[in-house]
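Here is how the chains run, residue by residue.
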Amino acid sequence: MEKIKLAIIGASYLQEPLIQKAKSRGIETHVFAWAAGDVGEKSADYFYPISITEKDEILEKCREIGVDGICTIASDLAAVTVGYVANGLGLIGNPMEAVNVSTNKHLMRQCFEKNGDPSPKSIQVTSVGDLSGVELDYPIIVKPVDRSGSRGITKLETPEGIEEAINRAIEQGFEKCALVEEFAVGQEYSVEYISWKGQHTFLALTKKYTTGAPDFIETGHLEPAPVSSDLLVKVQAVVSHALDSLGVQYGASHSEIKIAPNGDIKIIEIGARMGGDNIGAALVQLSTGYDFIDAVIDVALGNEPKSCKSKESCAGIRFVFTKNDLQCLDELKRCNPEILIEEDVHEITDEKVVDSGSRFGYFMFAADDIKTIEKYMPEMGVE
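Quick caveat: nothing in here was measured; it's all calculated off a predicted structure.

Asks: Break down helix H6 (residues 105-115) for me, with residues and values.
Replies: Because an α-helix completes one turn every 3.6 residues, residues spaced three or four positions apart along the sequence face the same direction. The complete set of buried residues in H6 reads Lys105, His106, Met108, Arg109, Cys111 and Phe112. On its buried face, H6 sits against helix H5 (96-102), strand E5 (122-125), strand E6 (140-144), strand E8 (178-182), helix H8 (229-246) and strand E13 (265-271). Its side-chain oxygen placed 3.0 Å from the backbone nitrogen of His106, Asn104 serves as the N-cap of H6. Looking one or two residues past H6, Gly116 carries a phi angle of roughly 75°, positive in sign.

Given below as C-alpha cells:
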C-alpha cells in the first residue's frame, strides 16, 4: 500500500513537532526549506533545499511527488506558500484571499474595520511623511506589516522617535512597510482554534506574559487563562466572527487579543496557522488533552479533525532571559519536580534578547491546579 505523502513548509525547530507527528502516523514527510542545517533537514523522509518563498518551484515539485496534503505550523511566511500550493493542486487549504489578508497586518486591519471587528486604528506607512495630517491618539505601536515574534516593534508615548521606529520596522519587514497604530490597553491573550469547512472549534485561551515596552517580547504563556466564563464566551464570539471576516475555512488559527479592565476586547492580529512558542505544539495538549498537531495534519489531508478534549488541566511555559529564570527553574525542581515536562536551556550570554528568537531557552510544566502553575510564571512587564 502506497504511503500518504505530506508536504511540510519549513525545516526549523518550529516544524519539528509536525514532522515527528506525521512520521509517527506512518505518513511520508516531504520538507521544503532553504538549506541551513536545521533539524528538519535530517528528520524528514525527504528534504528539498528550496526556499519557502519559491512558491512556484515548490508547487511543481509537489505536483511531481503527488503529495496528498500540505501544511506548516507557527510561520506566517510559510503559510503563504502552503495556501498557494494547496490552491494550485486542489488540496485542502484556505482561499488565497484569506491567506493574504491573514499574513498582512494592514490588509487585516482593513478587513476588521470593514466587518465591524474591534481592532486598533492603524495606518500603513513607508516613511514618516505618510503620517502628515493623520491624527493618532498616543501611545502608539510601530511594527512591520508582515513579521511575527516581536520583531521590529516599538511603543511610543509621544511623536518623538517615530521616524527611527518606522525605519526599524521597515528594516525588519519583508514588504518594507510599517504599521503605526494606536496602542490597545489591557492584558494580552491568544486564542487557539481549529477550523473545518468554515466551522471554528475553540481549543484554548492563553494568557501571555511579556517584557512590556519597548519590545513586548513574550516571557511566558499560561493555559487556561484565568478569566470568567462570561468573558470567555465573549472572547469566543469576537474571535469566531473575525475568523469569518478573514475567510478562514480550514486549519489552525492563532488570534492575539487584548482585554481592557472594563472587559472591552481589541483584536491585535490573527494568524491562520498554529501559534509558536510551544502554545500549539504542546500547551494545548497538556491543558486540554487535544492533539492540535494531529488535527492540523488531519485537515491538510482532507479529514475532519476530532473535536473533543479529553481533560481539563493547567500548563505553562517560561522563557529564559536572565539567571532569575534559571533560579525559578531550580526552585521548581526542588519543590515541584513532578510538574516539569521539558526544559531546553542554553548558556546565558551578554547578548541582549531582542526578539523571541534570541531568548536563552525555556522550561515547560503542567499540573492539575492553576495556583501551582502561576507560582512559576514570570512577572508581567510594564506596558
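Asks: Go over the environment of Gly289 with me, naming the residues and quoting the values.
Replies: With respect to the helices and strands, Gly289 occurs in the loop between helix H9 (279-288) and helix H10 (292-300). Along the primary structure Gly289 and Cys308 are separated by 19 residues, whereas in three dimensions their C-alpha atoms are 8.8 Å apart. For Gly289, the residues in contact, after removing those within four places along its chain, are Val284, Ser310 and Lys311.

Asks: So what about the sheet that holds E6? Which residues, and what values?
Replies: Taken in spatial order, the four strands make up an open sheet running E5-E8-E6-E7, and their pairing is antiparallel. Where the open sheet ends on each side, the last strands, each with one partner, are E5 and strand E7 (154-156). On average, each strand axis in the sheet is inclined to that of its neighbour by 20°, with strand direction left out of account. Alignment of E6 against E7, held across three bridges, turns out to be antiparallel. Paired with Ile140 across the strands is Leu156, a residue of E7.

Asks: Quick rundown of unusual backbone geometry? Include the residues and the values.
Replies: The step from Tyr138 to Pro139 runs through a cis peptide bond, and the omega angle for that step is 5°. As for its placement among the helices and strands, Pro139 is situated in the loop between E5 and E6. Of the consecutive residues Glu223 and Pro224, the connecting peptide bond is found in the cis state with omega at -10°. Inspection of the secondary structure puts Pro224 in the loop between strand E11 (218-223) and H8. Look at Ala74: it is not a glycine, yet its phi comes out positive at around 65°. Of the residues examined, Ala74 reaches a relative accessible area of 14% and is grouped as buried. Phi is positive for Asn278, which is not a glycine, with a value near 70°. As for its placement among the helices and strands, Asn278 is situated in the loop between E13 and H9.

Asks: So what's going on with the sheet that holds strand E15 (residues 340-345)? Which residues, and what values?
Replies: With antiparallel pairing, the eight strands of this open sheet are ordered in space as E13-E12-E9-E10-E11-E14-E16-E15. Of all the strands in the sheet, the pair left with one neighbour each is E13 and E15. When strand polarity is set aside, the average angle formed by the axes of neighbouring strands in this sheet is 20°. Strand direction decides the pairing type here: strand E14 (residues 314-319) and strand E16 (residues 361-367), joined by six bridges, are antiparallel. Of the residues in E16, the one forming a bridge with Ala315 is Ala366. Of the strands in this sheet, strand E9 (187-196), strand E10 (199-210), strand E12 (251-259) and E13 are in contact with H8, which crosses E13 at around 45°.

Asks: Break down the pattern of salt bridges for me, citing the residues and quoting the values.
Replies: All chains considered together, the criterion is met by 18 salt bridges. A salt bridge links Arg109 to Glu181; its shortest N-O distance comes to 2.9 Å. Residue Arg109 is located in helix H6, and its partner Glu181 is located in strand E8; the two are separated by 72 residues in the primary sequence. Across the pair, exposure class does not vary: Arg109 and Glu181 are buried alike. Ionic pairing is found between Arg359 and Asp277, a salt bridge with its closest N-O pair at 2.5 Å.

Asks: Summarise the pairing of E11; cite the residues concerned and give the values.
Replies: Of all six residues that make up E11, six are buried, and the element is covered over most of its length. Taken together, the four bridges between E10 and E11 define a ladder with antiparallel strand orientation. By the bridge assignment, Lys208 is partnered in E11 with His221. Bridging between E11 and E14 involves four bridges; their strand directions are antiparallel. Within E14, the residue paired with His221 across the bridge is Ile317.

Asks: How would you sum up the nonpolar core? Please name residues and give values.
Replies: Leu6, Phe32, Ile194 and Phe292 are the most contacted members of the largest nonpolar core, which has 46 residues in total. Examining the composition of this core, we find that seven residues originate from one element, H10, more than from any other. If you look at the next biggest cluster of nonpolar residues, it comprises 28 residues, including Leu222, Ile279, Leu286 and Met377.

Rules behind the numbers
Residues numbered from 1 in each chain as written. Predicted model: local features only at pLDDT ≥ 70, side-chain atom pairs only at ≥ 80, totals over all residues. Heavy atoms only, no water. Buried < 20%, exposed > 50% of the residue type's maximum accessible area, 1.4 Å probe, protein only. Helix = DSSP H or I, 4+ residues; strand = E, 2+ residues; numbered from the N terminus. Contact = heavy atoms within 4.5 Å. Polar contact = N/O pair within 3.5 Å; in protein donor to acceptor, adjacent residues only side chain to side chain. Pairing = 2+ DSSP bridges. Axes fitted to C-alpha atoms, helices over the stretch in contact; angles between N-to-C directions. Salt bridge = Lys/Arg side-chain N within 4 Å of Asp/Glu carboxyl O. Core = buried A, V, L, I, M, F, W, Y, C linked by side-chain atoms within 4.5 Å.

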